Amino acid sequence: MGTDAKTLMKGVDLTEAAARRINKIIAKETDKEALRVSVEGGGCSGFSYKFDLVEGRNADDTAIEKDGATVLIDEMSLIYMGGSVIDFVDDLMGQSFQIRNPNAVASCGCGTSFSI
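None of the values given here were measured: they were computed from a predicted structure. (Residues numbered from 1 in each chain as written. Predicted model: local features only at pLDDT ≥ 70, side-chain atom pairs only at ≥ 80, totals over all residues. Heavy atoms only, no water.)

Caption draft 1: Examining the overall build of the protein chain more closely. Along its length, the protein chain carries 3 helices and 9 strands. A burial count over the protein chain gives 38% of its 116 residues as buried. (Helix = DSSP H or I, 4+ residues; strand = E, 2+ residues; numbered from the N terminus. Buried < 20%, exposed > 50% of the residue type's maximum accessible area, 1.4 Å probe, protein only.)

Caption draft 2: How the structure looks around the packing of aromatic side chains. Tallied over the full model, the rule gives 2 aromatic pairs. Measuring from centroid to centroid gives 5.9 Å for phenylalanine 51 and phenylalanine 97, while their planes differ by 25 degrees, and the two rings are stacked. Linking phenylalanine 51 in strand E3 (residues 47-54) with phenylalanine 97 in strand E7 (residues 94-100), this pair joins segments that are 46 residues apart in sequence. We classify phenylalanine 97 as buried; its relative accessible area is 16%. With a centroid separation of 5.2 Å and 65 degrees between ring planes, the pair formed by phenylalanine 88 and phenylalanine 97 is classed as edge-to-face. The pair formed by phenylalanine 88 and phenylalanine 97 is uniform in burial state, with each residue classed as buried. (Phe/Tyr/Trp six-rings, centres within 6.5 Å; stacked < 30°, edge-to-face > 60°.)

Distances and angles like these do not, on their own, reveal function.
Now the structure itself:
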């Protein structure tokens, strides 16, 4: 694992575009309060990001809040995501949440898979 202590100490940032999109989604899902982003083993490059709408927080969650939007990341996933920026992109390729992760040494064309 190529992460060092300095990277692990860094938080995760959320762009205004991502916050706007989360708020729009949550407004339609009245029983949900946050977007959970987690890292799982698997995917084309070794790890993959998972996005879920959730009702509440877990004890080990770190909450990132911006403009009324909340993203929850569990302690283990945060180790792989330190220093990352969560963005929402709407372009010719479609709409998606994207994570710019400085820890990733390789990623897949799908945009949700990476390796460290």
